[in-house]
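Analysis of the macromolecular model
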Amino acid sequence: MSELVLNNDIDSSNETFINDVNISESALNYSDCTSDEGSLGLGFNHTSSFSLEDENNDYVPGSFEGPEKTMEVLFATDKGHENGLRALNRKQLDYICTKAKCSILTKSSNSYIDAYVLSESSMFIYKHRFIMKTCGTTTLLRCLGALIEFADNLGMEIIWVRYNRKNLNNPGAQLWPHSSFNDEIKYLDSHEKLQQRLKGSGHVLGSVTGDHWFFYVADPTPEVFLSLSAPTTEKTVNIMMFDMAPEVAEIFFQSTGLTGKEMTEKSGINTLCPGAVIDETSFCPCGYSMNAILHDAYSTIHVTPEAQCSYVSFETNTSLRDYSALIRNVLHIFRPKRFVLTLFGDEGAVNNMVLPMSHKSILVPSAGCYNRSTMSSTSVESEVCCYMGCYSIDDRKVISPQEITEARLRDRGESIC
C-alpha cells in the first residue's frame, strides 16, 4: 500500500514540545491535561542494541513494508467518562495519529465501535478498548503517551497493553524505536505512566531464521490484578499473506479505473462479512484498505499489491469456535504463495475452540494445498495464549475432485461476522 500524506487540520499554535510528544497548552481542548515530562513517560534512551532483525536490515528502495505493527490498549470498565474513549474528539484522535505518522481518512460507526481507515491501515475505538494497526514506516508506539494522557483526562484507568508485529523485510528503514524489537521493548519499559500500573514482557514465536512474530504484553501489577474482573473471552485471528496471485493484485491498482467499492466487489471481499458495514479506500497509484464492522466485531483488510512487496492481511476479532472456513475463504480470494497465521486470545476462549493452525494442511480448491512448516505457541501470566503457524503452497500437490467436494462440504453453512 502506497503511503499517503494528508493534512490533519490541527491548530499547531501555542504547542509545547516535550521530547517525543508535543501537546498544546490546552491539551487539545482538555485544560487539566498535564504536560510535564514525567506524566507522559518520556525521556527515552535512543541507544540501539542487537536484535534478531539487525542481521537483515538493508533497505530495499521501492519496497513498501506491508506487515503491520499492532497495539491494543484496554481500560477499566468501571471508571471514567460514560462514553469512554469514544468521547475523544477529532482533534485528539488526529493528534494521536500524527504521533504515529499517519492520518485519518474515513470513519464508520455503530453502537459499539468507531472504525477509522487510516493512511496506513486502521484504528478501532471502543468505550474501553483502543486498537491501532499501522504499516510502512509509521511510529505506532510513539502515540501511546498521548493516548494515556487523553484517557487520564476522561478519568479512565489503563489496565492492559499489547503490542505485536511480524519480523520486517527492511527494519533498517524504520524510524526509532521500530528498527528492532529490543528498542521497542526499551521504549515501552521507559513509559513511567505505563510502568506505574503495568509490568510488561516481550516474547518471540517462530524460527529466528524464518518468519517469526514479536509480541509484548503489559499486565497489571499484583495489586491492580486483584481489583480486576474476570478475564474476557476475546480472541483475534490474523492472516498475513505474501505473493498473492498476480491477477488478484492487479485489481488493486488505480490504473484499472476501479473505485474502492468496485475493488471490494470484484475481488470478492464483500462476501467475507455478510451483513457488516464495509468502509473501503483505494490508494494512488495502488493499494487498498477496508474496515468491516458488525455488532461488536471488526474485520480489516490491507493490500499492498506491488510484485516486489506483495502483501495482504486479514484480521478479525469475530468470535468463532472454528475459523477453518473463514481462513479458506480468505485464501480463496487472494491465493497467496505463503502466509503466516496468528491467534491471540484469552485462555478460556482458546480452550473452547478449534485451533486454526492445528491443521497440518489447508486445502483451497482455487489455489492448492498449503502445508504447515512451523507452529509455535506460548502463554503469559495473564492467561493470554499466543499461537503462530507458517504455511506455504505445495505446487506438487494435485487436488482430486473428491478433495474439492470434501472441502466444499466442510465450508457449507459457515459464516464469518
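Residues numbered from 1 in each chain as written. Predicted model: local features only at pLDDT ≥ 70, side-chain atom pairs only at ≥ 80, totals over all residues. Heavy atoms only, no water.

**A look at empty space enclosed by the protein**
Under the criterion given, the structure shown has 3 cavities of 30 Å³ or more. Of the volumes computed, that of the largest cavity is approximately 60 Å³. What lines the largest cavity is simply T70, R162, N164, W213, T236, V237, N238, E315, T342 and F344. At the level of elements, β8 (158–166), β11 (235–242) and β16 (338–346) are the ones that each hand at least two residues to the lining of the largest cavity. With 3 residues, β11 is the largest single contributor of residues to the lining of the largest cavity. Grouping the amino acids of the lining of the largest cavity by side-chain chemistry returns 3 nonpolar, 5 polar and 2 charged. (1 Å grid on protein atoms, 1.4 Å probe; cavity = no way out; pocket = protein on both sides within 12 Å on 5 of 7 lines; lining within 4 Å. Points joined across faces, edges and corners; volume = space filled by probe spheres on them. Helix = DSSP H or I, 4+ residues; strand = E, 2+ residues; numbered from the N terminus. Nonpolar A, V, L, I, M, F, W, Y, C, P; charged D, E, K, R; others polar.)

**Here's the deal with the nonpolar core**
With 44 residues, the main nonpolar core has M241, F252, I301, F334 and F339 as its most contacted residues. Ranked by the residues each element gives to this core, the list is headed by helix α9 (residues 324–334), at 6 residues. Excluding anything up to four places from it in sequence, F334 contacts M241, M244, A245, V248, F252, I269, I301, V303 and V312. Counting 41 residues, the second largest nonpolar core, distinct from the first, contains F75, M132, I158 and L198. (Core = buried A, V, L, I, M, F, W, Y, C linked by side-chain atoms within 4.5 Å. Buried < 20%, exposed > 50% of the residue type's maximum accessible area, 1.4 Å probe, protein only. Contact = heavy atoms within 4.5 Å.)

**Some thoughts on the packing of aromatic side chains**
Scanning all chains against the criterion turns up 13 aromatic pairs. Considering the side-chain rings of W176 and Y187, the 5.3 Å spacing of their centres and the 70 degrees angle between planes classify their relative orientation as edge-to-face. Taken together, the positions of W176 in the loop between β8 and α4 (181–189) and Y187 in helix α4 put the pair 11 residues apart, joining distant regions of the chain. The same class applies to W176 and to Y187, which are both buried. The rings of W160, W213, F215 and F344 are connected pair by pair, giving a single aromatic cluster. In this structure, R129 packs its charged tip against the face of Y126, placed 5.4 Å from the ring centre. We note R162 situated over the ring of F344; from NZ or CZ to the ring centre the distance is 4.7 Å. (Phe/Tyr/Trp six-rings, centres within 6.5 Å; stacked < 30°, edge-to-face > 60°. Lys NZ or Arg CZ within 6 Å of the ring centre and 35° of its normal.)

**Comments concerning helix α2 (residues 90–99)**
Extensive coverage of α2 is indicated by the burial of 7 of its 10 residues. All buried positions along α2 are accounted for by Q92, L93, D94, Y95, I96, C97 and K99. Looking one or two residues past α2, K101 carries a phi angle of roughly 65 degrees, positive in sign.

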